[in-house]
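These are the residues of each chain, in order.
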Amino acid sequence: MPTLQLAELTHANRPAQLPLLSKLADILAASPAVTHLLVRGSLAHGTADRLSDVDFVVGVHDAQLPAFVEALDDLMSVEAGALFPGWRDTIVADLGGVGMVFLVPDDGRLQQIDLYLAPASRLPDLQASVSTASLLDRPPASVEMAEVEVAERFAIEFAARPRTCTELVIEHLVLAVLLHKRIKRGQRFVAYSEWHRLHTATKDLIKAALAPASRFWGWYQLHEEIAVTPIGRACVSDLNAAISGPAVPLAADVNAAIERMLALVERVCPEALDGLRDGVDAYGAYQELV
């Protein structure tokens, strides 16, 4: 089992995340669709601190990648205790697969779990280019070209799916957790980047709710397209308040942004919070713990 190899990985450094990493490795390895489990990031390098995320590359048999990705939310919720569905990671580099981020309560805090789901056929190239520590290696005997094409097509189509209001709420919550981490570590440049991503998520949420068929790209024509109703004008005002803040936020700025987002959602798409109340409430508890 993967847990038997963790001692070698952490012989010089026993991070606080080790029990959770072990639990997740066992959960993921239990699926016959999983061919590889690789740990990357600070846990693989022995440089983790108490804020470090648990970062896996999960090799999945090419033909089974679509079904595994579609079932992942349920797996992480039921088996790992994730608070809400995974966030489709738009920050991670494109390695031919699908990146997802989950928030899992662990030892009194929300722990960030990064899962990069890669087709098994991509693993040799990926291992050659990304620094990882291997916990599981059971590649399929062979992979047919048709299966490779299924996995490649699925990864492209998955990344291109329009995001729903619910997904954008989750994006806000995940980015807020990331920002709290950057602020505590003093990572000002990364905080600046993720703060802009949070504002962009607010813009995307407004457009998804009020102009889902928008013909305009990015930030163009927002006032002309959105501010044509009282609700739209209120949303534009919220967005203007968001972008008028500091370039690099403090923790209080992040908290205010989430409160503003939740009020905006209650106004324009309250159904987006259906099933997410536990996660939203848990974010408030997280604020008290960080």
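Everything discussed here concerns the structure shown above.
Rules behind the numbers
Residues numbered from 1 in each chain as written. Predicted model: local features only at pLDDT ≥ 70, side-chain atom pairs only at ≥ 80, totals over all residues. Heavy atoms only, no water. Buried < 20%, exposed > 50% of the residue type's maximum accessible area, 1.4 Å probe, protein only. Helix = DSSP H or I, 4+ residues; strand = E, 2+ residues; numbered from the N terminus. Pairing = 2+ DSSP bridges. Expected span 1.5 Å × (residues − 1). Arc of directions from axis to C-beta. Contact = heavy atoms within 4.5 Å. Salt bridge = Lys/Arg side-chain N within 4 Å of Asp/Glu carboxyl O.

Draft legend 1. Spatial organisation of the pairing of strand β2 (residues 54–60). Most of β2 is tucked away, with seven of its seven residues classed as buried. Where strand β1 (residues 34–40) lies against β2, five bridges are found, and the strand directions are antiparallel. Within β2, the position partnered with Leu38 by the bridge is Val57.

Draft legend 2. Here's a closer look at helix α6 (residues 145–160). In a regular helix each residue adds 1.5 Å, so 16 residues correspond to 22 Å; α6 covers 23 Å between its end C-alpha atoms and thus fits that length. Turning to α6, its buried residues number three or more, namely Val148, Ala151, Phe154, Ala155 and Phe158. Along the axis of α6, the buried residues cluster in a sector spanning 130 degrees; they form a single face. Residues of α6 that are exposed and angled more than 90 degrees away from the buried face: Met145, Ala146, Ile156 and Ala160. Here the buried face of α6 lies against α4 (65–80), β3 (87–88), β4 (98–106) and β5 (109–119).

Draft legend 3. View of the pattern of salt bridges. Inspection of every chain in the model, using the stated rule, returns ten salt bridges. Residues Lys181 and Asp53 are paired through a salt bridge, measuring 3.9 Å at the closest nitrogen-oxygen approach. Linking Lys181 in helix α7 (residues 165–185) with Asp53 in the loop between α3 (42–45) and β2, this pair joins segments that are 128 residues apart in sequence. Take Lys181 and Asp53: they sit in the same class, and that class is buried. Across the pair Arg163 and Asp204 runs a salt bridge whose closest N-O atoms are separated by 2.8 Å. Residue Arg163 is found in the loop between α6 and α7, and its partner Asp204 is found in helix α8 (residues 188–210); the two are separated by 41 residues along the sequence. Arg163 gets classed as partly exposed once you look at its relative accessible area, which sits at 27%. Overall, the relative accessible area of 17% leaves Asp204 in the buried class. By sharing partners, the salt bridges in this structure join Arg163, Glu171, Lys203 and Asp204 into a single network.

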